[in-house]
Amino acid sequence: MKQAIHTLRIPTAGPALYDITRPIRAWVGQQGIDVGLLTVWCGHTSASLTVQENADPDVRADLLDFFRRVVPEGSHYRHDTEGPDDMPAHIKAALTQTSLSIPVRQGAPTLGTWQAIYLFEHRIEPQTRIVELHILGSA
């Protein structure tokens, strides 16, 4: 068994789904692990992770629209220390995922044809997000 860990720093420029599949695939491919399990972890409470369709950008736009309707910004939240988007960002992160487990086969994450791994940014201001990658498996 072999394991490795790596940190990705992802710059964001406001609410969006940022495709982080390419750097994850590249790092996994360099680890010499044929079969294993990849954990992708977002170290934030106002951003999250998702595996979602990568073919039609309308999917991402619809997801953003949905979360804006379900969790609107505003001054009606008690927690507003960092602005009106702070608490809505925490709620959106709570409704989604901050950790993904993805099987690795033949040295690559086993994503479907139309799937990608996204960092889901919920804050308005630009951020640098930390995403930790951990792989455990065998050659």
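To start, this report covers the structure provided alongside it. Just so we're clear, the structure is a prediction, and the values are computed from it rather than from any experiment.

Looking at the sheet that holds strand S2 (residues 16-19)
Here three strands make up an open sheet; going across it, the order is S2-S7-S4 and the pairing antiparallel. Both edges of this open sheet fall to S2 and strand S4 (47-53), since each of them pairs with a single strand only. Averaged over all neighbouring strand pairs, the angle between strand axes comes to 35 degrees, with direction disregarded. One ladder, built from four bridges, connects S2 with strand S7 (residues 115-121); its direction is antiparallel. Within the sheet, the bridge partner assigned to leucine 17 lies in S7 and is phenylalanine 120.

So, the nonpolar core
Generally speaking, a soluble globular protein has its nonpolar side chains buried in company with each other. By size, the foremost hydrophobic cluster in this structure holds 24 residues, and its most contacted members are Ile24, Leu38, Val40 and Leu119. Among the elements of the structure, strand S1 (2-12), S2, helix H1 (21-29), strand S3 (35-42), S4, strand S5 (99-105), S7 and strand S8 (127-138) are those that each provide at least two residues to this core. The residues touching valine 40, leaving out its near neighbours within four places in the chain, are Ile24, Leu49, Thr98, Ser99, Leu100, Ile102, Val131, Glu132 and Leu133. By size, the runner-up hydrophobic cluster in this structure holds six residues, among which are Leu64, Phe67, Tyr118 and Phe120.

A look at the sheet that holds S5
A sheet is described by the order of its strands in space; here five strands give the open sequence S1-S8-S3-S5-S6, paired in antiparallel fashion. Two strands close off the open sheet at either side, each with one partner strand: S1 and strand S6 (108-109). By the bridge criterion, 11 bridges tie S1 to S8 in an arrangement that is antiparallel. Residue pairing across strands places isoleucine 10 opposite arginine 129, the latter belonging to S8.

Here's the deal with the pairing of S3
Burial along S3 is one-sided: the face carrying Gly36, Leu38, Val40 and Cys42 is buried and the face carrying Val35, Leu37, Thr39 and Trp41 is not. When S3 meets S5, the two strands line up antiparallel, connected through seven bridges. Directly across from leucine 37, in S5, lies its bridge partner proline 103. Judged from the eight bridges that link them, S3 and S8 form a sheet pairing that is antiparallel. Pairing of valine 35 across the sheet is with serine 138, part of S8.

Quick notes on a nonpolar patch on the surface
On the surface, a cluster of nonpolar side chains totalling about 280 Å² of accessible area is made up of Phe66, Val70 and Leu95. As for its position among the elements, leucine 95 is in helix H3 (residues 86-95).

What counts and how
Residues numbered from 1 in each chain as written. Predicted model: local features only at pLDDT ≥ 70, side-chain atom pairs only at ≥ 80, totals over all residues. Heavy atoms only, no water. Pairing = 2+ DSSP bridges. Helix = DSSP H or I, 4+ residues; strand = E, 2+ residues; numbered from the N terminus. Axes fitted to C-alpha atoms, helices over the stretch in contact; angles between N-to-C directions. Core = buried A, V, L, I, M, F, W, Y, C linked by side-chain atoms within 4.5 Å. Buried < 20%, exposed > 50% of the residue type's maximum accessible area, 1.4 Å probe, protein only. Contact = heavy atoms within 4.5 Å. Patch = residues over 30% accessible without salt bridge, like charges linked within 9 Å, V, L, I, M, F, W, Y side chains within 5 Å. Areas by Shrake-Rupley, 256 points an atom, 1.4 Å probe, with all protein chains shown as cover. Salt bridge = Lys/Arg side-chain N within 4 Å of Asp/Glu carboxyl O.

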